[in-house]
Amino acid sequence: MGSRTGSTTTIELQSFANSPRTPSPEREVEDGNGHEMASLPPVDGGKDAWLFLAACFMIEALVWGFGYSFGVFQAYYSSNPPFAGESNIAVVGTCAMGIMYLDTPIVMYLHRRFPKQARHSTIIGLLIMCLALALSSFSTTVTHLIITQGIFYAIGGSIAYSSCIVYIEEWFVSRRGLAFGIMWSATGLAGVVLPLLLEWLLSVKGYQTTLRIFAVVVFALTAPLSWFIKPRLPVAQASHAKPFSLGFVVQRPFMLYQLFNVLEAVGFFLPGIYLPSYARAVLGAKPFPSVVAMMLVNVASVFGCVAMGSLIDKMEVTMCLLVSAVGATLGTFLFWGFSVNLPVLYVFCVVYGLFAGSYTSAWPGVMKEITKNYSVEQSDGGSGSGSGSGSGKFADPSMVFAFLAMGRGVGNIVSGPLSEALLKEMPWKDQAFGGYGSGYGGLIAFTGATAFFSGGSYLWKKLGWL
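Keep in mind that this is a model prediction, so the values were computed, not measured.

How each quantity is defined
- Residues numbered from 1 in each chain as written.
- Predicted model: local features only at pLDDT ≥ 70, side-chain atom pairs only at ≥ 80, totals over all residues.
- Heavy atoms only, no water.
- Helix = DSSP H or I, 4+ residues; strand = E, 2+ residues; numbered from the N terminus.
- Buried < 20%, exposed > 50% of the residue type's maximum accessible area, 1.4 Å probe, protein only.
- Contact = heavy atoms within 4.5 Å.
- Areas by Shrake-Rupley, 256 points an atom, 1.4 Å probe, with all protein chains shown as cover.
- Patch = residues over 30% accessible without salt bridge, like charges linked within 9 Å, V, L, I, M, F, W, Y side chains within 5 Å.
- Salt bridge = Lys/Arg side-chain N within 4 Å of Asp/Glu carboxyl O.
- Phe/Tyr/Trp six-rings, centres within 6.5 Å; stacked < 30°, edge-to-face > 60°.
- Lys NZ or Arg CZ within 6 Å of the ring centre and 35° of its normal.

Participant: Looking at this structure, I do not really get the overall build of the protein chain. What am I missing?
Facilitator: Tallying secondary structure elements over the protein chain gives 17 helices and two strands in all. Out of the 466 residues in the protein chain, the part that is buried amounts to 53%. Residue pairs in contact within the protein chain that sit at least 24 positions apart in sequence constitute 80% of those at least 6 positions apart. Accessible area of the protein chain: about 19700 Å², with a carbon and sulfur share of 68%.

Encoded structure:
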């Protein structure tokens, strides 16, 4: 018989391999010959956990923050040689954001399938991403930009980011939602700082030097931090990870969550595209006050993400999604719809950032719900093992995240052409009050409607469908 320490370690490692994972705070680990090795660091706190989260925060800020700041580059490319007057400049940003969302299931699958090799994914992804930025500085056509600043940047960014999602499940358990919320709040913070920095660099140095400087700075800041983005539990010595099932993707609970997730994403990105132009064209704002609108959305989303992350650790997931949906809906219909001056528009920006900006911070609750329910169904329908381990099938929370991210990517891509269609006919122009009669009325109404329906999971939960 093994010692008590060896027994508890075996249980912990098995719970890591078979979702849901609930690792103990600190255990002694033994190798295959029974020799005691270093103890595992604690979960939900301690130096190692917080260093891991700090590193993830920086990766999140620079990988996603740069993508969300593409509007600055788009404005520069559209008005300066050699890209001025060229079409498809917006495709660069669409590729960067869309691919980072859409390729997440593939990247996550490879990460889980080859855990030993994936240990180095962060530094490999950063190298690809920074090389793509450096190469984009030599671009002379929009096609070059699409390939480098769009496609290759997105591939490198998603590879670099994948370990943050996979390993956070090991480092945080009871405070997992808060950890996700803190990490995801970095995008909002970067959305305030990076556009101002990039706009200044572009005006002073031009796009070539700006891209080279940013590539060097990103690598210098993140490469040392990649050391801290590591698994808490030792990587299994097997040649590949324990197989998991993707069957949850076609089951009703996940499909309903995904439906409302896509609906929210289709409308969520519209204010980010049009708020500055709305402030200038409708309210007569000058360039800087127009940019302040998006800055307020990003600042508010920092606090919204952290707050929602804390709530999801304590409240039922559909209730958290409902809070986000109700706040975003009321903010859109009341404050953007009736905005007749900048102060009212700024109120909308704060409300929208707090509530709509925090929607994805409820994803840890969805991940927990799907993995728990799928594990129970596998156990009930399996051979009676009680854990599903006999069939080797479980829903990996990282893969649940991956498909939620893919759904958000679909919404991101659809929102671009859809917004153009909503503005094309200028519905309700001069026929309604405030923003509704500005020509942006259809856009405002659609954004509010998608925010409203994004909370639909609460209703289906009450009806027993979730």
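After that view, the rundown keeps rolling.
Participant: Help me understand a nonpolar patch on the surface in this model?
Facilitator: Taken together, the side chains of Val326, Leu330, Leu334, Phe335, Phe338, Val340, Val347 and Phe433 present a nonpolar region at the surface, about 690 Å² in accessible area. Per-element accounting of the nonpolar patch gives the leading share, four residues, to helix α12 (residues 317–336). Residue position: Val340 is located in the loop between α12 and α13 (342–355). Judged by relative accessible area, which is 46%, Val340 ranks as partly exposed.

Participant: Any chance you could explain the side chain of Ser454 here in plain terms?
Facilitator: Relative to the assigned elements, Ser454 resides in the loop between α16 (441–453) and α17 (456–462). Given a relative accessible area of 1%, Ser454 falls into the buried group. Apart from residues lying up to four places away in sequence, Ser454 is in contact with Phe260, Glu264, Ala325 and Tyr359.

Participant: Got a minute to help me understand the packing of aromatic side chains in this structure?
Facilitator: How two aromatic rings sit relative to each other is given by the distance of their centres and the angle of their planes. This structure, assessed with the given rule, holds 33 aromatic pairs. On the numbers, 5.8 Å between centres and 25 degrees between planes, the contact of Phe52 with Trp171 is stacked. With a gap of 119 residues between them, Phe52 in helix α2 (residues 47–68) and Trp171 in helix α8 (residues 142–171) connect regions that are remote in the sequence. The interplanar angle of 40 degrees and the centroid separation of 5.7 Å between the aromatic rings of Phe73 and Tyr77 together place this pair among those described as tilted. Highlighted residues: Phe73 and Tyr77, both in helix α3 (residues 70–79), separated by four residues, approximately one helical turn. Tyr77 matches Phe73 in its accessibility class, with the two residues each being buried. An aromatic cluster of at least three residues, connected via ring pairs, comprises Trp64, Tyr68, Tyr101, Tyr161, Phe268, Phe269, Tyr274, Tyr278, Trp336, Phe348, Tyr352 and Tyr440. Looking at Arg408, its charged tip hangs above the ring of Phe268, at a distance of 4.6 Å from the centre.

Participant: Would you mind going over unusual backbone geometry with me for this structure?
Facilitator: The phi torsion of most residues other than glycine is negative, and most of the peptide bonds are trans. Along the chain, Pro81 connects to Pro82 via a cis peptide bond; the corresponding omega equals 5 degrees. Checked against the element boundaries, Pro82 lands in the loop between α3 and α4 (89–102). Located in the positive-phi region is Asp44, a residue other than glycine, with phi close to 65 degrees. Inspection of the secondary structure assignment puts Asp44 in the loop between β2 (36–39) and α2. With a relative accessible area of 13%, Asp44 lands in the buried category. A positive phi angle, near 70 degrees, is found at Asn88, a position not held by glycine. Take Asn88: it is sitting in the loop between α3 and α4.

Such coordinate-based values are descriptive only and should not be taken to indicate function.
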